[in-house]
Amino acid sequence: MENGYQKLFNRFNTISPDVTHRIKSVSLSVFLQESTNLELWMRNDEKLLLTMGGLNPEFCSDELSLRIEAARIAESIWQEERMSPRPARKAWLELWFRGLEMYRDLARTFRHACRGDKYAMGSVKNITTGNDPESILLHIPSFRSVADKYPHLLKKIYFDFKRLDEADSLCQEMENALAVSDVEKIKGYKTKKIRDQAFAYLKEAVNEIRLCGRYVFHHDKERLVGYRSEALHRKNMRRCRRKKAAIIPINDTAGPSASVPDEAQPDEQLPAKDSPPSDSKEPPLKAMKKGARKKGRNKKRR
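Note that the structure is predicted; figures quoted are calculated from it, not measured.

Draft legend 1. Fine view of the environment of Phe110. Topologically, Phe110 is positioned in helix H5 (residues 87–113). Remark: the alpha-carbon pair of Phe110 and Ala120, spanning 10 residues in sequence, is separated by 9.1 Å. In this structure Phe110 touches Val124, Phe143, Val146, Ala147, Leu154, Phe159 and Leu164, once residues within four positions along its chain are discounted.

Draft legend 2. Broad picture of the packing of helix H2 (residues 28–41) against helix H4 (residues 61–83). The geometry of H2 relative to H4 is characterised by a closest axis approach of 10 Å and an angle of 160° between their N-to-C directions. Considered as vectors, H2 and H4 are oriented roughly antiparallel to each other. Here H2 and H4 pass one another in a crossing that is left-handed. Of the residues in H4, those touching H2 at Leu28, Leu32, Ser35, Thr36, Leu38 and Glu39 are Ser61, Leu64, Ser65, Ile68, Ala71, Arg72 and Glu75.

Draft legend 3. Highlighting the nonpolar core. Formed by 31 residues in total, the largest nonpolar core has its most connected members in Leu106, Phe110, Ile136, Phe143, Leu164 and Met174. Listed by contribution, the elements that provide at least two residues to this core are H5, helix H6 (118–126), helix H7 (133–139), helix H8 (142–149), helix H9 (151–155) and helix H10 (162–216). Here this core gets nine residues from one element, more than from any other, and that element is H5. Beyond its immediate sequence surroundings of up to four residues, Leu164 is in contact with Leu106, Phe110, Phe143, Arg144, Ala147 and Phe159. Core analysis: the second largest hydrophobic core is formed by 21 residues, Leu38, Leu64, Ile68 and Cys212 among them.

The rules we used
- Residues numbered from 1 in each chain as written.
- Predicted model: local features only at pLDDT ≥ 70, side-chain atom pairs only at ≥ 80, totals over all residues.
- Heavy atoms only, no water.
- Helix = DSSP H or I, 4+ residues; strand = E, 2+ residues; numbered from the N terminus.
- Contact = heavy atoms within 4.5 Å.
- Axes fitted to C-alpha atoms, helices over the stretch in contact; angles between N-to-C directions.
- Parallel < 35°, antiparallel > 145°, perpendicular 65-115°, else oblique.
- Left-handed = near helix turned anticlockwise from the far one by under 90°.
- Core = buried A, V, L, I, M, F, W, Y, C linked by side-chain atoms within 4.5 Å.
- Buried < 20%, exposed > 50% of the residue type's maximum accessible area, 1.4 Å probe, protein only.

Distances and angles like these do not, on their own, reveal function.
What follows is the structure, given as structure tokens:
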């Protein structure tokens, strides 16, 4: 299979980078397993797919198996490259923490020294913004220009100007280490790009086989199941269930005859316990007062 990988390398290495990010719905490990399942599933239907479905012979089962193995090899090479130790990165991180500590110490010192001069304080504020590597590499040498412009303010706190020489030297080391680390990172990006191209090359065959399979076996549900992504199908079903659960049904066509609980009908009030029957000719307010008086007399008798 190593020879097959070398054979396919020249093919998928020409794929545009814009096409290398098409596998977003499922993880790459799941996609690899589904591609292997598809390769086994289509073997019995290969003749029908080639004749009735119009499948390109380049996407036959043997070719698909070769693309799957090439994608596996590309993934293993990328994982090995990603997990391997990077000495340049480690050296850069050590210098980065040293530079960050020195940058914060100089910023604190200069703020304290220039606190009484608004012009000097404005210059210090301009060079003490941001903690990212680019800001630190840009601003550490700027402390010397502020020190040359306002040396009398730093002399008041007995500032050691040799610290600026140390900062310049450390800044130069950081620039060199960052450049080496970036070159090392670019090499890793090349390996990842090849991995993405290999999966895009595999995805091209998988999509075409599934389309032809769904066309040929649209009437045969037992065979049709094998030409879809099971992980994507489950994902879509969960999304549909969440949407249905989020929808609150509103019955706009319900009229006055709709069955509504008695508690939900504020206009319909139950008659009082001691109120007169509905055929009474007394006004409702009089009837309520009469009922209250009867209650009072009953309580006195008790």
